[in-house]
Amino acid sequence: MTPNNAAMNLARKLTIALVASTLLAAGGCSRAKDDATRAVSTAEASLAAVRDDAARYMPNELQSVDSSVTALKESMAKGDYKVVVANAPSVNSSIESLKSGVAAKKEENTAAGAEWNTYATDVPQMVTALQSRIDTLGKSKHMPKNLDSTAFGTVKTDLETLKVDWAAASAAHDSGNNIEALTKARAAKATGERLLTQLGMNAKG
Amino acid sequence: MEEEHTKVTKTNQFAQYHVVQKGDTLSKIAEEYYGDKMLYPQIFEANQDILTDPDKIRPGQRLLIP
């Protein structure tokens, strides 16, 4: 082999190696892009499936997951496919947690809706009974035993507060937020029971 | 007018009742629950389904105390 032939042979080998490595790199890049594209699509579709319920039951958590997906898309736009692929599992895990949380909240909301019916009967009846007694006591020249005029004044004020609280509970229920409605209803009923006791109305003849 | 809406009835589970004892009068019952015997008509009116005369109550009658 002449020196010229050897040089040409080396140059040919180098060219082949260079082309091969370029092709390999291009192929690898293309695969990374495909994986990243798939990861973003999966995350977006998964989040879209739970978005409406999440906005209603877990808005703060949704915002956080939304930010993660946005960051994933930004990395995608910058061509940081490896970053996208690396971060996708964590984002998917957040979405799954969100789904579980939303499912639990939905179940809780349904149960709260069923329990609400009891309060929807009890509290208005309590308010009527209390208001009736307050109206009558308001005409009295003296207070009955175990009630003075200061305590009576407090009961009247507390009943008005109870009415406002009950209106808020009803509004929450009307808007479909049974969990909040039930929490407010429980508090309203507890107040009503306290007022019944203060007015001596728990004593049954 | 508003009072009409807030009248407690016997279907109200939180309504209070008094079972008439021997020697009871509506005035005495009104004094016990309201502190004012002159408010006996409130009890009479709330129990018109079983009372026809405020002076005639019988032991054992279950009276709604509005």
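Residues numbered from 1 in each chain as written. Chains lettered and ligands numbered in written order. Predicted model: local features only at pLDDT ≥ 70, side-chain atom pairs only at ≥ 80, totals over all residues.

Overview of the overall build of chain B
Worth spelling out the cut-off: Secondary structure elements follow DSSP: runs of H or I of four or more residues count as helices, runs of E of two or more count as strands, with numbering from the N terminus. Computation of the radius of gyration draws on C-alpha atoms, with the globule rule given as 2.2 Å multiplied by the number of residues to the power 0.38. Exposure classes come from backbone-placed C-beta atoms, where a residue is buried if 20 or more other C-beta atoms lie within 10 Å of its own, exposed if 12 or fewer do, and partly exposed in between. Two residues form a contact once the distance between their C-beta atoms, set from the backbone, is within 7 Å.
Counting secondary structure elements, chain B contains 3 helices and 2 strands. Mapped in sequence order, the helices and strands of chain B form the string α-β-α-α-β. Computed over C-alpha atoms, the radius of gyration of chain B comes to 11 Å, within 12% of the 11 Å expected from 2.2 N^0.38 for 66 residues, which places it in the range of a compact globule. Burial analysis of chain B (66 residues in total) assigns 30% to the buried set. Across chain B, contacts joining residues at least 24 apart in sequence account for 49% of those joining residues at least 6 apart.

So, the interface of chain A and chain B
For clarity, the cut-off: Residue polarity follows a fixed list, in which Ala, Val, Leu, Ile, Met, Phe, Trp, Tyr, Cys and Pro are nonpolar, Asp, Glu, Lys and Arg are charged, and the others, Gly among them, are polar.
Taken together, the 19 residues of chain A in the interface contact 20 residues of chain B. A total of 9 residues in the side of chain A that touches chain B trace back to one element, the largest contributor, which is helix α3 (residues 81–137) of chain A. Each residue belonging to the side of chain A that touches chain B can be placed in one class, and the counts come to 7 nonpolar, 8 polar and 4 charged.

Re the domain arrangement of chain A
In plain terms, the rule: For the domain bounds, the source is a domain assignment made automatically or taken from a database.
The assigned domain composition of chain A is domain 1 (3–104) and domain 2 (112–198). Measuring from the centre of the C-alpha atoms in domain 1 of chain A to the corresponding centre in domain 2 of chain A gives 57 Å.

Section: the environment of Lys189(A)
All names here are of chain A. The residue Lys189 is located in helix α5 (residues 178–198) in this model. Along the primary structure Lys189 and Leu162 are separated by 27 residues, whereas in three dimensions their C-alpha atoms are 8.5 Å apart. Contact partners of Lys189, with chain neighbours within four places excluded, come to Tyr119, Asp122, Val123 and Met126.

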